[in-house]
Amino acid sequence: MPFVKVQKNRAYFSRYQVKYRRRREGKTDYRQRKRLCAQDKNKYQSPKYRLVVRFTNKQVICQIAYALVDGDRILAQATSKELPRYGLKVGLKNYAAAYCTGLLVARRVLQKLGLDDVYEGNTEVDGEVVSTEYDKKMYFVEEVDDDKRPFRCFLDVGCKATTTGNRIFGALKGAADGGIDVPHSEKRFPGYDRDAKEYDADMHRERIFGGHVGEYMEYLDEEDNQKYQEHFASYIAADVAPDSLEELYESVHEAIREDPKPSEKSQFSPDKSFKRKAKITLDERKARVQAKKDAKNAELEAEDDE
């Protein structure tokens, strides 16, 4: 057997330094975070805002955040759980719902900053990338105001893979159409062909209005009606048909633009009807054990007599 040198020896382990906890847990990409948080020195400590998009098993979460030494601060946030208030009660995690959530957080933060009237965003959703050059600088809004510049933030995807057509870019498109200046291109939107280097905006528009969901509903209804009844049970209960999805999402977009404010917080009232059982004493525990023993002994004696 040839001689094999041991690389990880005592000297190696004595110098080993563990990575950050959130890196070990696979939650934070610190290389990405450093570049999203580090601000230019000539900006005089003005915050560098991030559009944070995250997906859970049931909802989409969009936040406008900025970093300080002692932690992040959230300027505004919206989740797809708020969409039932605007008329969307089903499909709260798909591409169209991500677009609605991005639009909601954009209109909300602009209203908070007093920029909602200056930058209305793209009211006619067509899937195209909107950009304007002003003062030798590129802004991703339709028109730049002379007095107030658009609110700029950068997309924070976390540890998610940025594949073409990912739902994260639905939230990005919603925020961009809502009037926020988010640097982006069409290369990761649905409808972009990497080989031909062409972008089909109509395909992206269809995805924004849930066209892919409607097509699958029609296909499943024809091929396997039982699976359709199970898979789209919530859609059927909410009386949402495949051909009515576009009108539904259009009404949701209008409702979001009319009132993007968060709903008022309801007062929490705890349920006081539940009462915990009182803890029994040592003597009571001993008596209960003895009673079980006596009952078992009596049962065994009865079996022996038989």
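Keep in mind the model is a prediction, meaning the values are calculated, not measured. (Residues numbered from 1 in each chain as written. Predicted model: local features only at pLDDT ≥ 70, side-chain atom pairs only at ≥ 80, totals over all residues. Heavy atoms only, no water.)

A.B. asks: I'm lost on a positive patch on the surface in this one. Help?
C.D. replies: Residues K279, R285, R288 and K292 make up a contiguous surface patch of positive charge. With respect to the element layout, K292 can be found in helix α11 (residues 282-305). Since its relative accessible area comes to 57%, K292 is described here as exposed. (Patch = residues over 30% accessible without salt bridge, like charges linked within 9 Å, V, L, I, M, F, W, Y side chains within 5 Å. Areas by Shrake-Rupley, 256 points an atom, 1.4 Å probe, with all protein chains shown as cover. Salt bridge = Lys/Arg side-chain N within 4 Å of Asp/Glu carboxyl O. Lys, Arg positive; Asp, Glu negative; His and termini not counted. Charge placed at Lys NZ, Arg CZ, Asp CG, Glu CD. Helix = DSSP H or I, 4+ residues; strand = E, 2+ residues; numbered from the N terminus. Buried < 20%, exposed > 50% of the residue type's maximum accessible area, 1.4 Å probe, protein only.)

A.B. asks: Got a minute to help me understand the nonpolar core in this structure?
C.D. replies: Side chains that are nonpolar tend, in soluble globular proteins, to be buried together. Counting 60 residues, the largest nonpolar core has I64, F151 and I180 as the members making the most contacts within it. Elements represented by at least two residues in this core include exactly β1 (50-55), β2 (60-68), β3 (71-79), α4 (95-113), α5 (168-177), α7 (211-223) and α10 (245-258). In terms of residues, this core owes the most to one element, α4, which gives twelve residues. Not counting residues within four places of it along the chain, the set of residues in contact with F151 comprises Y49, I64, L75, V109, L110, L113, L115, I180 and D181. (Core = buried A, V, L, I, M, F, W, Y, C linked by side-chain atoms within 4.5 Å. Contact = heavy atoms within 4.5 Å.)

A.B. asks: Help me understand unusual backbone geometry, please; the structure alone is not making it clear to me.
C.D. replies: Only a minority of non-glycine residues have a phi that is not negative, and only a minority of peptide bonds are not trans. The phi angle at D135 is positive, at roughly 55 degrees, despite the residue not being glycine. If you trace the backbone, D135 turns up in the loop between β4 (132-134) and β5 (137-139). Here D239, not a glycine, exhibits a phi torsion of approximately 60 degrees, which is positive. Along the chain, D239 falls in the loop between α9 (233-237) and α10.

A.B. asks: How should the pattern of salt bridges be read in this particular structure?
C.D. replies: Side chains that differ in sign of charge can pair as their charged atoms come close. Using the criterion set out here, one finds twelve salt bridges in the structure. With its nearest N and O atoms 2.7 Å apart, the salt bridge here joins E82 to R108. Residue E82 is located in the loop between β3 and α4, and its partner R108 is located in helix α4; the two are separated by 26 residues in the primary sequence. Take R108: its relative accessible area is 8%, and that puts it in the buried class. The salt bridge partner of R205 is E246, with a shortest N-O separation of 3.1 Å. With a gap of 41 residues between them, R205 in helix α6 (residues 201-208) and E246 in helix α10 connect regions that are remote in the sequence. A relative accessible area of 26% means that R205 is categorised as partly exposed. Accessibility expressed as a relative area gives 35% for E246, which makes it partly exposed. Residues joined in a network through salt bridges with shared partners are R33, R50, R54, D72 and D156.

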